[in-house]
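# Per-entry structural report
Below, each chain spelled out in residue letters.
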Amino acid sequence: VRCLAEKAGSYIFYHYIENVTKRKKLEIHNSELTEQLTVLVNSIPGAVQDIRIFPNGTELLYFNEVAATMFGYTLDEYPNLYKGGIKNAIHPEDTAKILEVTDSVLNGTSRSDTGSITFRHICKDASYRWVQMNAVILKREGDGVVVTTVMIDITEQKLQEQLLDQIVSLNYDIIAEIDALS
């Protein structure tokens, strides 16, 4: 309400009324969708992250609670792991392949906007957990990209694969010794 003019005790007021029903319905719907998405993301049995990757580093934009706890970090500690770059979260032997994938995404030579890679992620106690990371590029921003990733802990699977490899190797050794004796 605004007074436009006054003359001899008479006033002219300007009233502006806007119907905000549609906007309010959209806000409520948006809130409901946000809540549903939060429940969905928190129910995924893996780490969900949004990461901005640019030539000089990375920035962790979002992560769910599992992302921190899966590796032994608190919610306050986990983002600090990425401040010096993504390589701080990765086993030194896996860094080259991660940086190669990151470079191909940044320079546009990646064959797809989605990808999957297996690597070892560092834990707070300095141990490592094997993860399968699936990623999708959400958007390109200047010389960088924003990706959403889901990391599933596959440490037990990797340990079983290593054990199986050892058993197969041992079997070959036994067969070779038996052949040598005959």
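This text gives an overview of the structure that appears in the document. Since the model is a prediction, treat every value here as computed from it, not as a measurement.

The next thing to look at is the nonpolar core. Membership of the largest hydrophobic core comes to 28 residues, with the highest contact counts inside it found for Phe71, Tyr73, Tyr78, Leu81, Tyr82, Phe119 and Met151. Counting residues per element, the ones that place at least two in this core are β3 (47–54), β4 (57–63), α2 (65–69), α3 (92–106), β5 (114–122), β6 (128–141) and β7 (144–153). Aside from chain neighbours lying at most four places away, what touches methionine 151 is Gly46, Ala47, Gln49, Met70, Phe71, Tyr78, Tyr82, Phe119, His121, Val131, Gln132 and Met133.

Tallying each qualifying case throughout the model produces 11 salt bridges. A salt bridge links glutamate 141 to arginine 52; the nearest nitrogen and oxygen atoms lie 2.7 Å apart. With glutamate 141 in strand β6 and arginine 52 in strand β3, the pair connects residues that are 89 residues apart, well separated along the chain. Under the relative-accessibility criterion, arginine 52 is labelled partly exposed at 23%. In this structure, the salt-bridge partner of arginine 120 is glutamate 93, at a minimum N-O distance of 3.3 Å. Taken as a pair, arginine 120 in strand β5 and glutamate 93 in helix α3 lie far apart in primary sequence, 27 residues in all. Look at arginine 120 and you get buried, because its relative accessible area is 15%. The class of glutamate 93 is exposed, set by a relative accessible area of 62%. Through salt bridges with shared partners, one network takes in Arg52, Glu59, Lys139 and Glu141.

All right, on to a nonpolar patch on the surface then. On the surface, Leu4, Ile12, Tyr14 and Tyr16 cluster together into a nonpolar patch covering about 460 Å² of accessible area. Here isoleucine 12 is to be found in strand β2 (residues 10–14).

Turning our eyes to something else, we now look at the packing of aromatic side chains. One pass over the structure, following the stated rule, counts five aromatic pairs. Taking 5.6 Å as the distance between ring centres and 65° as the angle between the ring planes, the aromatic pair formed by tyrosine 78 and tyrosine 82 counts as edge-to-face. Classification of tyrosine 78 as buried rests on a relative accessible area of 0%. With a relative accessible area of 4%, tyrosine 82 lands in the buried category. Among the aromatic side chains, those forming a connected cluster through ring pairs are Phe63, Phe71, Tyr73, Tyr78 and Tyr82. The side chain of lysine 158 reaches across the aromatic face of tryptophan 130, ending 4.6 Å from its centre.

What counts and how
- Residues numbered from 1 in each chain as written.
- Predicted model: local features only at pLDDT ≥ 70, side-chain atom pairs only at ≥ 80, totals over all residues.
- Heavy atoms only, no water.
- Core = buried A, V, L, I, M, F, W, Y, C linked by side-chain atoms within 4.5 Å.
- Buried < 20%, exposed > 50% of the residue type's maximum accessible area, 1.4 Å probe, protein only.
- Helix = DSSP H or I, 4+ residues; strand = E, 2+ residues; numbered from the N terminus.
- Contact = heavy atoms within 4.5 Å.
- Salt bridge = Lys/Arg side-chain N within 4 Å of Asp/Glu carboxyl O.
- Patch = residues over 30% accessible without salt bridge, like charges linked within 9 Å, V, L, I, M, F, W, Y side chains within 5 Å.
- Areas by Shrake-Rupley, 256 points an atom, 1.4 Å probe, with all protein chains shown as cover.
- Phe/Tyr/Trp six-rings, centres within 6.5 Å; stacked < 30°, edge-to-face > 60°.
- Lys NZ or Arg CZ within 6 Å of the ring centre and 35° of its normal.

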